[in-house]
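# Examination of the molecular architecture
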Amino acid sequence: MTFGVIVFPGSNRDHDAAYAVEKILGQKVNLIWHDSASLGSVDAVILPGGFAYGDYLRCGAIAKFSPVMMAVRKFAAGGGLVLGICNGFQILVEAGLLPGALIRNRGLRFICRNVQLRPGTTNSPFTCAASKEKTYCVPIAHGEGCYFADQRTLDELEAEDRVTFRYVENPNGSLRDIAGILNRERNVMGMMPHPEDAAEPLMGSCDGLVVFQSMLTTAVRA
Amino acid sequence: MSAALITPDLIAQHQLTPQEYEKIVALLGREPSYTELGIFSVMWSEHCSYKSSRLHLKKLPTSGNRVVQGPGENAGVIDIGEGYVIAFKIESHNHPSFIEPFQGAATGVGGILRDIFTMGARPVAVLDSLRFGRLDDPVTGVRNRRILQGVVAGIAHYGNCFGVPTVGGECLFESCYDGNPLVNVFALGVCRKQEVCYARAAGVGNPVIYVGARTGRDGIHGASMASAEFTEESKQKRPNVQVGDPFLEKLLLEACLEAMQTAAVVGIQDMGAAGLTCSTCEMGSRGEVGIEIELDRVPQRETGMMPYEIMLSESQERMLLVAEQGRQEEVFRVFRRWGLEAVEIGVVTGDGKLRVKQHGEVVAEIPNRELADGAPLYDRPHTQPLRRAPLEPPPLPDPDVQHALPALVASGDLCGKSWLWEQYDYLVRSSTVAGPGAEAAIIRIKETGTSVAISLDGNGRYCYLSPRGGAMLAVAESCRNVSTVGAVPVAATNCLNFGNPERPEIMAQLVEAIEGMAEACRFFDTPITGGNVSLYNETLGEGIYPTPVLGVVGLKKTAVAAGIAFRHAGRAVMLLGGLGSTDEVRFGSTQYAKTIVNRLWGLPPALDLAQEKRVQEAIREIVNAGLAESAHDLSDGGLAVALAECACSTNVGARIDLDSDLRPDLLLFHEGPSRVLVSTTKSDAVAAIAWRHGTEAPVIGVTIEKEIEIRQKGRVLGRWQVASLKAVYDDALESHVR
């Protein structure tokens, strides 16, 4: 399976994502520069963490206009798997590929720590290898990760079983403890925690691997 | 050259003495222009020239078989094997952080990161050593809290966006830092051995290229500001502090590393303190060539800037590089790709001079070598180190161990610092094997099978009582921390924070601390490959404690780390190195003396270098053999505080019984070095290793669920619920900050 990892000039977990997929899962990775208009031949796309264009305005506000996002939109519309992590989630939300918004953490500070996640659904290409009976230890590292949406959207997300992960102990004020969500077509997921940083025993947890393994399983099945 | 009226007042304003001015005139053979006066004033400032400390810094060991680059470059470089090196250094940003905490600290991070990637190394770790005034002080507490919050937010802002993990450090509080906080930032980077880049100009006719942010009027005379004491007027120097842009720095990092890959880059240096002045003349001086630049070509943020302002500006995120003639386009192409401005502003010449032109006219012309390396060298008088604390102990209160331990773990120095470090992204780059709160930070180097362990240590209280002894203890502790995670200490960097060196009793502190550090670094075979001296840390004549901070780097094979926390009940608790010895004089420097007795007296703990080395060798062997489930060295707060720290994160405590006749307070809270607390299932094997290294590792107790109980010869001294200690430990800092 070939993963495309988008590289914005301010991406800083692009290498982490590539390392997890390539070195730990043994899959192929193409790094895709932010001004390229095409994704080339990839089976899935990862929008990694970081500060795409500095994010001095609003996280993801500028990134949504970058040439590569046109290609990502097209890829997603064609049913391709798109995973946005942290800043990638913020960009997907800004770009309208996922509903809601990510606002300043309750407490107004950047938080980096391991948190426990509980899968909200296993009916998705990103969580099909997960178990709802288990919690997953994955770190967060963000200042603007409080998930926010109007009541109708939240109800809809839950009614359509589109919440992929919930915080066991809510660190940032996210409504309904939401840590990750799907689009309606279930091929685009955004999540604030960093599965790529919990991918081997050396990091203290391998629980993040389940996301990439799910994508792999889905691709093999397809 | 424009005529300028150089008056004695103007010279004094530039912090040059009449003698220094005479030296300038003799060197040029004429009066300097206004621009030249400014250039000399920054290059010959204490901050850039080390004129008071250079003589003594020579006493430090700087070479070793792993040392690829010692002091004198932007960072020291150490060979870690498998074709890779690490570049690292520590630097202070104390003065700017007092005037403008957020930007002062942020640009401190930015400056040291540039020092690292200038060497061709990608930064992979940042640690910081912080000192603030007391947060609970009725008068200064409000300001100290504001400074702490600003500094931490500034470090987080810059490092998080840049994408380097901030993986550890220390944060301590003392009244002497009220008007003079310390912000020392350490950074470490990795590169291939054959790709190390140097800050040397070479090749007459080669183009000199300016890259990065435009030059503005910010930060003019920052270096001189950092070389003077604080007065009431200092707050008006806020415009001297620069504003950082971490995103731009990230672009600069990627572009510079990529440009270096073209091999068209001959030399490169960042524009930090003293900006364009320092980078041009130092690169020229190191390469024994001249550099000529035309200021009209320097990208400028504002109109109408004078040569003086352009040369002295400390605008951030700028680099100067020399490329191979005819290959400029290769370099420009890289910078264009990253959306950065790169402009040819001058040329390397053969006459050894820094020649600055504006509108085609020469505005400054100074021999490079004399400017960069010819600064006055002072052998400042030094007498007895300043100390106002008594040697004799005061009457000690009756020991109340039960109440003392919670009070200590709630104190600013000893409490949990997660409020602070959770604001830092300590995981980015997915290489953090051990992060903040660990014995030493551990970063695995993905390209190799090696991990780097790093520890920053300094103890102003110890050094105030004995600069020599305190500095040696800092080296010992740093090396012990690194050893406790199983790494072999291989090199060090230092940041020397002191008061006004023109006072003989302060100069004496500096001299003794350097000598103590030199002796200990020689003993542990950790050469100092670079660092920074920050003097004039005084406000209104009140100096800080002498605060040398040491950063020790160690190497180990990459493996899962044991950690400091007790993991399971029913394990033997062993004290490698034994209970140690102390007396009431040596007790006066401890956290117990500070928090419970509220006094400072006597001497720092006694250090036996040979015993320290034996313990370090033993713990490395124990940890690397996988015999320790946890390992934590004893330091601030002594044995009892170390026990609490081992228990807090897992809720596994211990029941211990100490066979000693010492007073209970001395026994539990003395800070004698050379001791490590280990929990293990294999106590015989641990004891055998200790014995083989010529030390001991008595079993002092056993780990138990949820409780800590301490006995002395069977008599219970105290018993605590781990959960209640943890609540105090975790919440203390946040409640102090509020």
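Residues numbered from 1 in each chain as written. Chains lettered and ligands numbered in written order. Predicted model: local features only at pLDDT ≥ 70, side-chain atom pairs only at ≥ 80, totals over all residues. Heavy atoms only, no water.

### As for the pattern of salt bridges
All names here are of chain B. Applying the stated criterion to the full structure yields 61 salt bridges over all chains. Glu341 is paired through a salt bridge with Arg214; the nearest N and O atoms lie 2.9 Å apart. Taken together, the residues Glu341 in the loop between helix H13 (328-337) and strand E11 (342-349) and Arg214 in the loop between strand E7 (207-212) and helix H9 (222-225) connect sequence positions 127 residues apart. With a relative accessible area of 38%, Arg214 lands in the partly exposed category. (Salt bridge = Lys/Arg side-chain N within 4 Å of Asp/Glu carboxyl O. Helix = DSSP H or I, 4+ residues; strand = E, 2+ residues; numbered from the N terminus. Buried < 20%, exposed > 50% of the residue type's maximum accessible area, 1.4 Å probe, protein only.)

### Considerations on the side chain of B:Ser679
Residue and element names in this part refer to chain B. One can find Ser679 in strand E25 (residues 676-680). Overall, the relative accessible area of 1% leaves Ser679 in the buried class. Within the structure, Ser679 has its side chain in polar contact with the side chain of Ser630 (distance 2.7 Å). Each residue touching Ser679, except ones within four places of it in the same chain, is listed here: Phe566, Arg571, Ala572, Leu627, Ala628, Glu629, Ser630 and Thr703. (Polar contact = N/O pair within 3.5 Å; in protein donor to acceptor, adjacent residues only side chain to side chain. Contact = heavy atoms within 4.5 Å.)

### Digging into the confidence of the model for chain B
On average, residues of chain B score 94 in pLDDT, and 97% of them reach the 70 mark or higher. This complex was scored by the predictor with a pTM of 0.96 and an ipTM of 0.96. (pLDDT = per-residue confidence, 0-100.)

### Observations regarding the nonpolar core
Counting 140 residues, the largest nonpolar core has A:Leu39 and B:Leu148 as its most contacted members. In terms of residue count, helix H10 (residues 246-261) of chain B provides more of this core than any other element does, 10 residues in total. The contacts of A:Leu39, once residues within four sequence positions are left out, are A:Ile6, A:Ile32, A:Val45, A:Val68, A:Ala71, A:Val72 and A:Phe75. Counting 47 residues, the second largest nonpolar core, distinct from the first, contains B:Leu28, B:Ala199, B:Val322 and B:Val363. (Core = buried A, V, L, I, M, F, W, Y, C linked by side-chain atoms within 4.5 Å.)

### Description of helix H18 (residues 467-484) of chain B
Here H18(B) is 18 residues long and its end C-alpha atoms lie 25 Å apart, about the 26 Å a rise of 1.5 Å per residue gives. H18(B) sits mainly inside the fold: 16 of its 18 residues count as buried. (Expected span 1.5 Å × (residues − 1).)

### Thoughts on the packing of aromatic side chains
Residues and elements named next belong to chain B. All told, the structure shown has 13 aromatic pairs over all chains when counted by the stated rule. An angle of 5 degrees between the planes, with centres 4.3 Å apart, marks the rings of Tyr34 and Tyr308 as stacked. Within this pair, whereas Tyr34 is found in helix H3 (residues 34-43), its partner Tyr308 is found in helix H12 (residues 307-312), the two being separated by 274 residues in sequence. Exposure remark for Tyr34: the relative accessible area of 27% places this residue in the partly exposed category. Judged by centre distance (5.0 Å) and plane angle (75 degrees), the ring pair of Phe40 and Trp44 falls under edge-to-face. Each member of the pair, Phe40 as well as Trp44, is classed as buried. What links up through ring pairs into an aromatic cluster is the set Phe587, Tyr592 and Phe669. One residue, Arg200, lies across the ring of Tyr198, its end atom 4.9 Å from the ring centre. (Phe/Tyr/Trp six-rings, centres within 6.5 Å; stacked < 30°, edge-to-face > 60°. Lys NZ or Arg CZ within 6 Å of the ring centre and 35° of its normal.)

### What to know about the side chain of B:Asp636
All names here are of chain B. Along the chain, Asp636 turns up in the loop between strand E23 (630-633) and helix H22 (638-648). Arg461 is the oppositely charged side chain nearest to the buried, salt-bridge-free Asp636, at an N-O distance of 7.8 Å. Not counting the four nearest positions on each side in its chain, Asp636 is found in contact with Leu172, Leu414, Asn459, Tyr462, Gln591, Val641 and Glu671. (Lys, Arg positive; Asp, Glu negative; His and termini not counted.)

### With respect to helix H2 (residues 67-77) of chain A
Residues and elements named next belong to chain A. Of all the residues in H2, the buried ones are Val68, Met69, Ala71, Val72, Phe75 and Ala76. The arc that holds every buried residue of H2, seen down its axis, measures 155 degrees, which confines them to one face. For H2, exposure combined with an orientation more than 90 degrees from the buried face picks out Met70, Lys74 and Ala77. Looking at the buried residues of H2, the elements they touch are strand E1 (2-7), strand E2 (28-33), strand E3 (44-47), strand E4 (81-85), helix H3 (87-94) and strand E11 (188-191). Phi for Gly79, located one or two positions after H2, is positive at around 95 degrees. (Arc of directions from axis to C-beta.)

### A word on the interface of chain A and chain B
Across the contact, 27 residues belong to chain A and 31 residues belong to chain B. Summed over both sides, the interface of chain A with chain B buries roughly 2,500 Å², with 58% coming from carbon and sulfur. If you look at where chain A meets chain B, you find four salt bridges. Among the ionic pairs, B:Glu422 bridges to A:Arg113, the shortest N-O distance being 2.8 Å. The interface formed by chain A and chain B holds 14 residue pairs in polar contact (both at pLDDT 80 or more) in total. Those elements that provide at least two residues to the side of chain A that touches chain B are helix H1 (14-24), strand E6 (111-119) and strand E7 (136-142) of chain A. Ranked by residue count, the leading element in the side of chain A that touches chain B is E6(A), at four residues. (Buried area = accessible area lost by both parts, 1.4 Å probe.)

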